[in-house]
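Here is what each chain is made of, one letter per residue.
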Amino acid sequence: MNLKHTNNALSFLLSLSFLLLGLSFALGANPNTLTATFSFYELDALISVNTLGLLAGSTMLALVATTLAAHFKLIKPTAALVLAVVISIVPLLTLFASNRWMAQLGGFPIIGSGQGIIKYFAVVPLYLFLFYKNKLTDKQHVLLNFIPVAMVLLWIGGMKFYEFEAKGIVSLVETSPFMSWLYTVFSVQGASNVIGGFDVLFAVLLGLGLFLNNKKLIIVSGLACLSVFLMTQTFLITANGAFSSSTLLERLGQFVIKDLWYVGNLVVIAFLMIFKPTK
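Think of each chain on its own: its residues are numbered from 1, step by step along the sequence as written. A pLDDT threshold of at least 70 governs which residues receive local features in this predicted model, and a stricter bar of 80 or more applies before side-chain atom pairs are shown or counted, although totals over entire chains, interfaces and linings include all residues. As a rule here, side-chain values cover all heavy atoms of the structure and leave hydrogens and water aside.

A. Representation of the overall build of the protein in the model. Helix and strand definitions here come from DSSP, where helices need a minimum of 4 consecutive H or I residues and strands a minimum of 2 consecutive E residues; each element is numbered from the N-terminal end. Along its length, the protein carries 13 helices and two strands. Over its C-alpha trace the protein gives a radius of gyration of 19 Å, about what one expects of a compact globule, namely 19 Å for 279 residues. Oriented by its inertia axes, the alpha-carbon framework of the protein measures out at about 55 × 50 × 35 Å. The buried share among the 279 residues of the protein stands at 50%. Two residues qualify as a contact provided that any one of their heavy atoms is within 4.5 Å of a heavy atom in the partner residue. For the protein, the proportion of contacts with a sequence separation of at least 24, taken over those separated by at least 6, is 70%. In the form shown here, the protein has an accessible surface area of approximately 13400 Å², with 70% of it arising from carbon and sulfur atoms. Placing the 16 positive and 9 negative side-chain charges of the protein at their respective mean positions leaves the two points 19 Å apart. Only the C-alpha atoms count toward the radius of gyration. The rule for a globule is 2.2 Å times the residue count to the power 0.38. The cut-offs for exposure are 20% and 50% of the maximum accessible area for each residue type, with area from a 1.4 Å probe on protein chains only; residues under the lower value are buried, those over the upper are exposed, and the others partly exposed. Values of accessible area rely on a 1.4 Å probe in the Shrake-Rupley scheme; residue burial ignores everything except the protein chains shown. For the purpose of counting charges, residues Lys and Arg are taken to be positive, whereas Asp and Glu are taken to be negative. His and the chain ends are not included. Positions of charges follow a simple convention, taking NZ of Lys, CZ of Arg, CG of Asp or CD of Glu.

B. Spotlight on the side chain of S192. With respect to the element layout, S192 can be found in helix α10 (residues 188–212). Accessibility expressed as a relative area gives 0% for S192, which makes it buried. Discounting residues that sit within four places of it in the chain, S192 has contacts with K160, A166 and I169.

C. Summary view of the packing of aromatic side chains. What counts as a ring pair is set by centres within 6.5 Å for rings of Phe, Tyr and Trp (its six-membered ring), and what kind of pair is set by the plane angle: stacked under 30 degrees, edge-to-face over 60, tilted for all other angles. Inspection of the entire model under this criterion finds eleven aromatic pairs. The interplanar angle of 25 degrees and the centroid separation of 6.0 Å between the aromatic rings of W101 and W155 together place this pair among those described as stacked. Residue W101 is located in the loop between α4 (78–93) and α5 (123–132), and its partner W155 is located in helix α6 (residues 138–159); the two are separated by 54 residues in the primary sequence. Note on accessibility: W101 and W155 belong to one class, buried. Ring pairing ties together the aromatic residues F18, Y120 and W261, which thus form one cluster. We count a charge as sitting over a ring when the NZ of a lysine or the CZ of an arginine lies within 6 Å of the ring centre and within 35 degrees of the ring normal. Looking at K119, its charged tip hangs above the ring of F255, at a distance of 3.5 Å from the centre.

D. Spotlight on the environment of F161. Tracing the sequence through the fold places F161 in the loop between α6 and α7 (163–168). A relative accessible area of 43% places F161 in the partly exposed class. For the pair F161 and S192, spaced 31 residues apart in the sequence, the C-alpha separation amounts to 6.5 Å. Among all residues touching F161, those that are not within four sequence positions of it are Q189, N193, G196 and G197.

E. Here's a closer look at α5. With eight of ten residues buried, α5 lies mostly within the body of the structure. The complete set of buried residues in α5 reads V123, P125, L126, Y127, F129, L130, F131 and Y132. Where α5 is buried, its residues touch α1 (3–26), α3 (49–71), α4, α6 and α13 (259–275).

F. Main features of unusual backbone geometry. Cis peptide bonds are those with omega within 30 degrees of zero, and the linkage from F108 to P109 qualifies with 5 degrees. Note on placement: P109 falls in the loop between α4 and α5. At N30, a residue that is not glycine, the phi angle is positive and equals roughly 55 degrees. Here N30 is to be found in the loop between α1 and α2 (31–39). For N213, which is not glycine, the phi torsion reads 55 degrees and is therefore positive.

G. Representation of the pattern of salt bridges. We count a salt bridge whenever a side-chain nitrogen from Lys or Arg sits within 4 Å of a carboxyl oxygen from Asp or Glu. As enumerated under the stated definition, the model contains five salt bridges in all. K133 is paired through a salt bridge with D138; the nearest N and O atoms lie 3.6 Å apart. Ionic pairing is found between K167 and E163, a salt bridge with its closest N-O pair at 2.9 Å. Residue K167 and its partner E163 are located together in helix α7, separated by four residues, close to a single helical turn. Salt bridges sharing common partners tie together K133, D138 and K276.

H. Geometry of the nonpolar core. In these notes, a set of buried Ala, Val, Leu, Ile, Met, Phe, Trp, Tyr and Cys residues joined through side-chain atoms within 4.5 Å is what counts as a nonpolar core. Residues F18, Y127, F229 and W261 are the most contacted members of the largest nonpolar core, which totals 80 residues. No other element matches the twelve residues that α13 contributes to this core.

I. Expanded view of the packing of α5 against α13. Between N-to-C directions, angles cover 0 to 180 degrees, with each direction set by a line fitted to C-alpha atoms, over the stretch in contact for helices. Viewed as axis vectors pointing N to C, α5 and α13 meet at an angle of 40 degrees, and their least axial separation amounts to 9 Å. Relative to α13, α5 is oriented oblique. Relative to α13, the crossing made by α5 is left-handed. The residues of α13 that touch α5, namely those facing V123, P125, L126 and F129, are W261, G264, N265, V268, F271 and L272. Side-chain classes are defined by residue name, with Ala, Val, Leu, Ile, Met, Phe, Trp, Tyr, Cys and Pro counting as nonpolar, Asp, Glu, Lys and Arg as charged, and the others, Gly among them, as polar. In terms of residue class, the contact of α5 with α13 is made up of eight nonpolar, two polar and no charged. Each angle receives one of four descriptions, namely roughly parallel if under 35 degrees, roughly antiparallel if over 145, roughly perpendicular if within 65 to 115, and oblique otherwise. Helix crossings get a hand from a simple test, with the near helix turned counterclockwise from the far one by less than a right angle marking a left-handed crossing and a clockwise turn marking a right-handed one.

Keep in mind that these numbers describe shape and distance, not what the molecule does.
Below you can see the structure in the form of structure tokens.
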């Protein structure tokens with residue numbers, strides 16, 4: 001895998017994910033997320049939820065257009081980076097809102113609706129590598145792309161040890177041909193513990209491999225982390241309620257499709273740590 005292949009893969013993953021997200025928001029999917037996000041900025045009282053959906057969707061579709069145009073060197077990448085920052089920062093700032101945390105379970109670090117929000121941490125590092133690679137060192141790019149991977153695996157993986165999260169993933173696990181067997185071997189909580197333990201273990205091992213510059217450990221742990229994000233994509237097919245004929249993606253589909261960004265983060269790490277020729 002050379003730099004050209006890496007850039008092509010990142011452009012494809014980013015364009016596909018934001019195309020699907022943009023279209024689904026523009027078509028009216030997941031209005032509760034729009035209301036929860038824009039209420040933080042007190043815009044929900046001024047603008048209808050349908051208009052907010054069109055605004056959010058159009059911005060994401062504009063990001064797709066600028067990403068592809070910059071990738072093919074038709075325009076400078078500034079517009080794509082600015083849009084990526086805006087699209088990421090708008091939901092991320094709402095993590096300071098109380099409705100993102102489960103107060104009945106102690107609030108921070110127990111995530112409520114913030115589970116899908118923290119995934120936006122993955123976006124900007126991809127755009128920095130894609131269009132501003134030479135502005136940062138390889139080590140800085142690796143760190144920026146590892147942090148969101150570690151964050152989501154440690155944070156959401158760690159939540160699997162809580163009963164409410166174990167029950168919350170039943171509908172996903174029991175309909176998956178790849179994971180449903182867990183419930184024949186373990187209890188609902190036991191299966192959730194196995195999934196969470198897998199996430200946490202390999203996030204830690206990937207960090208250790210990067211710290212030690214151990215390629216074998218990076219490959220093994222990186223592939224394990226990759227399997228997590230590829231597995232979630234199968235939920236688009238196996239789980240109920242991911243797709244909608246009227247809005248393309250529903251709430252679950254929007255949540256899952258964001259994991260393509262983490263595939264991109266791992267692609268960057270693999271290129272810089274495994275495939276990039278040494279000088």
